[in-house]
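Working through the structure, step by step
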Amino acid sequence: MKVLISGGAGYIGSTVGSACLDAGITPVILDSLVTGSRGFAAGRAFYHGDIADGALVDRVFAEHPDIYAVIHCAALIVVPDSVTDPVGYYRANVIKSLDFTGHLLRNGCQRLVFSSSAAIYRANEDLTVDEDSMIDPRSPYARTKAMCEAMFADIAAAHPLRVLSLRYFNPIGADPKLRTGLQLRRPTHALGRMMLAHQEGIPFLITGTDWPTRDGSGIRDYIHVWDLAEAHVAALSGFDALPGSVTAINLGTGMGTTVRELLVAFNSVADRPVQWREASRRPGDIAGAYTRITRAERLLGWRPQYSLAEGIRHSLRWAAIRDEAMPNGAPETVQA
Ligand SMILES: NC(=O)c1ccc[n+]([C@@H]2O[C@H](COP(=O)([O-])OP(=O)(O)OC[C@H]3O[C@@H](n4cnc5c(N)ncnc54)[C@H](O)[C@@H]3O)[C@@H](O)[C@H]2O)c1
């Protein structure tokens, strides 16, 4: 089986490519390298260019007429950037995805797996969500994901294209074989800030201690990126058995982890403990959410295998070798 991965030189797309390879599936990568790393596509069929470039997409399909499905990971993903540059984000994520879909239809593509996000949901009172929870995206970035899902549903109703939206929660970790990982040196999510505090010997700030969670700190659903990647492999093999032409599946662990719990797990893995201080909420922060994973289990036969501690351990291992593994350098700081 052969699969085209847009954004396959990025953090998640490259891990999906590795999981495909390990499962005997051949990945073909299409990536503009706007945030991706050329090294992450090494040893894989790689097309350097934009998903909106019709001639390039035609060439990919002409040279790989046996592409079975497309996994569409390419996107810009920085929430604060989407607030300051909504035009750029709607163009990159919505308009280019629309153009891309047109190119895919022209080339006879019938199966599309879309990288969507948990950021499109409004959480229930108990901070859980499932696929039927209210769609209420709170940032331009999240709205681009919700818009793409709506757009794909309309297209799937009119064309022989079936679409699976995989709504990712909070990916952490790296390929356990350390082929790829997060490109960024200073990611600003909680684990990234914890790793920075560990590295620089400064206190980690627990920003917000009065959220309606069991210990007052924010809650997230940290899913190991390799588990995420394995879900894509399961989705490819089970694609034709999915019900209907449009399906959405949440990919998380099914367990919420608070920031304080993340810190305890981090300190159980790290060589020296990170100190911490309490601080007030940052503008735009939310209590967070975690998912029920019944649908992923039922439709994909998938369950995450890695623990939180393993995710943290793989993040730390990757950070230790990242500069060597990415000879062209890693971007300094972007919020994923
Ligand atoms: N990382 C997360 O926390 C997270 C959470 C939920 C959903 N997602 C989604 O997962 C997908 C992958 O995210 P990631 O974390 O790997 O980000 P990333 O920035 O590492 O990867 C995105 C890749 O897409 C490429 N790309 C962007 N625009 C392109 C274009 N127009 N043409 C060709 N290539 C293009 C980039 O060069 C990069 O390699 C995105 O769609 C993102 O919205 C990510």
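Residues numbered from 1 in each chain as written. Predicted model: local features only at pLDDT ≥ 70, side-chain atom pairs only at ≥ 80, totals over all residues. Heavy atoms only, no water.

1. Thoughts on the site of the ligand
Among the 28 residues in the neighbourhood of the ligand, the closest are listed as Ile12, Asp31, Thr35, Tyr141 and Lys145. At a separation of 3.0 Å, a nitrogen atom of the ligand approaches a polar backbone atom of Ser32. Within the contact set of the ligand, an oxygen atom lies 2.8 Å away from a side-chain nitrogen or oxygen of Lys145. Look at the ligand: alone it shows 830 Å² of surface, and the protein chains cover 94% of it. If you list the elements that add at least two residues to the shell around the ligand, you get α1 (11-22), β5 (111-117) and α5 (140-158). At 3 residues, the largest contribution of residues to the shell around the ligand is made by β5. (Near = heavy atom within 4 Å. Polar contact = N/O pair within 3.5 Å; in protein donor to acceptor, adjacent residues only side chain to side chain. Areas by Shrake-Rupley, 256 points an atom, 1.4 Å probe, with all protein chains shown as cover. Helix = DSSP H or I, 4+ residues; strand = E, 2+ residues; numbered from the N terminus.)

2. Focus on the packing of aromatic side chains
Note on aromatic pairs: each is described by the distance of the centres and the angle between the planes. Evaluation of the coordinates by the stated rule reveals 2 aromatic pairs. Centroid distance Phe40 to Trp318: 6.0 Å. Interplanar angle 65°. Geometry classified as edge-to-face. Of this pair, Phe40 sits in the loop between β2 (26-31) and β3 (45-48) while Trp318 sits in helix α10 (residues 308-325); the two residues are 278 residues apart in sequence, bridging distant segments of the chain. A relative accessible area of 2% places Phe40 in the buried class. Taking the relative accessible area as the measure of exposure, Trp318 reaches 2% and is therefore buried. Ring geometry for Phe114 versus Phe152: centroids 5.0 Å apart, planes at 70°, classification edge-to-face. A residue pair is termed long-range when its members are at least 10 positions apart, and Phe114 in strand β5 and Phe152 in helix α5 qualify at 38 residues. (Phe/Tyr/Trp six-rings, centres within 6.5 Å; stacked < 30°, edge-to-face > 60°. Buried < 20%, exposed > 50% of the residue type's maximum accessible area, 1.4 Å probe, protein only.)

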